[in-house]
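# Structure assessment
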Amino acid sequence: MIAGRSIIHHPGRAAERARRLLAQGVVELWPDASHALNGEFPERVAARVLDFVDRLDADDALHGRH
């Protein structure tokens, strides 16, 4: 999750770099979020993290990993 309104980094470049370096990762650019996106959108952040973990668990189960 990358904040689109962050003054700490350039959001577009950060997202592109993350996509290049994290081939297996999920990269989302949140245009309306500042650098404090976890405080601004706590429910959305929690839902995305839980969804990500559920997908990892499902993939592990599919491949017989524990």
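Anyway, here's the lowdown on the structure attached to this text. Quick caveat: nothing in here was measured; it's all calculated off a predicted structure.

Each value, and the rule that gives it
- Residues numbered from 1 in each chain as written.
- Predicted model: local features only at pLDDT ≥ 70, side-chain atom pairs only at ≥ 80, totals over all residues.
- Heavy atoms only, no water.
- Patch = residues over 30% accessible without salt bridge, like charges linked within 9 Å, V, L, I, M, F, W, Y side chains within 5 Å.
- Areas by Shrake-Rupley, 256 points an atom, 1.4 Å probe, with all protein chains shown as cover.
- Salt bridge = Lys/Arg side-chain N within 4 Å of Asp/Glu carboxyl O.
- Helix = DSSP H or I, 4+ residues; strand = E, 2+ residues; numbered from the N terminus.
- Phe/Tyr/Trp six-rings, centres within 6.5 Å; stacked < 30°, edge-to-face > 60°.
- Lys NZ or Arg CZ within 6 Å of the ring centre and 35° of its normal.
- Buried < 20%, exposed > 50% of the residue type's maximum accessible area, 1.4 Å probe, protein only.
- Polar contact = N/O pair within 3.5 Å; in protein donor to acceptor, adjacent residues only side chain to side chain.
- Contact = heavy atoms within 4.5 Å.

The next subject is a nonpolar patch on the surface. Taken together, the side chains of Met-1, Val-26, Val-49, Phe-52, Val-53 and Leu-56 make up a nonpolar region of the molecular surface, amounting to roughly 460 Å² of accessible area. By the secondary structure assignment, Met-1 is in the segment before β1 (2-3).

Each pair of aromatic rings is reported with the distance of its centres and the angle of its planes. On inspection of all chains with the given rule, the structure shows one aromatic pair. Judged by centre distance (6.0 Å) and plane angle (75°), the rings of Trp-30 and Phe-41 are edge-to-face. One end of the pair, Trp-30, is in strand β2 (residues 29-30); the other, Phe-41, is in the loop between α2 (37-40) and α3 (42-62), and 11 residues separate them in sequence. Its guanidinium or amino end placed over the ring of Trp-30, Arg-44 lies 4.2 Å from that ring's centre, counting from NZ or CZ. Sitting above the plane of the Phe-41 ring, Arg-44 keeps its charged end 5.0 Å from the centroid.

By secondary structure assignment, the location of Ala-23 is in the loop between α1 (11-21) and β2. What makes Ala-23 exposed here is its relative accessible area of 71%.

This next bit is on the side chain of Glu-28. Looking at the element boundaries, Glu-28 is found in the loop between α1 and β2. At 2.3 Å, the side chain of Glu-28 and the side chain of Arg-48 are in polar contact. Leave out the neighbours within four places in its chain, and Glu-28 touches Met-1, Ile-2 and Arg-48.

We now examine the pattern of salt bridges. The tally for this structure, following the rule as stated, stands at five salt bridges. Glu-28 serves as the salt-bridge partner of Arg-48, at 2.3 Å between the closest nitrogen and oxygen. You can see Arg-48 sitting in helix α3 and its partner Glu-28 sitting in the loop between α1 and β2, a full 20 residues away along the chain. Accessibility expressed as a relative area gives 27% for Arg-48, which makes it partly exposed. Owing to a relative accessible area of 19%, Glu-28 belongs among the buried residues under this scheme. The partner of Arg-55 in a salt bridge is Asp-51, and the shortest N-O contact between them spans 3.2 Å.

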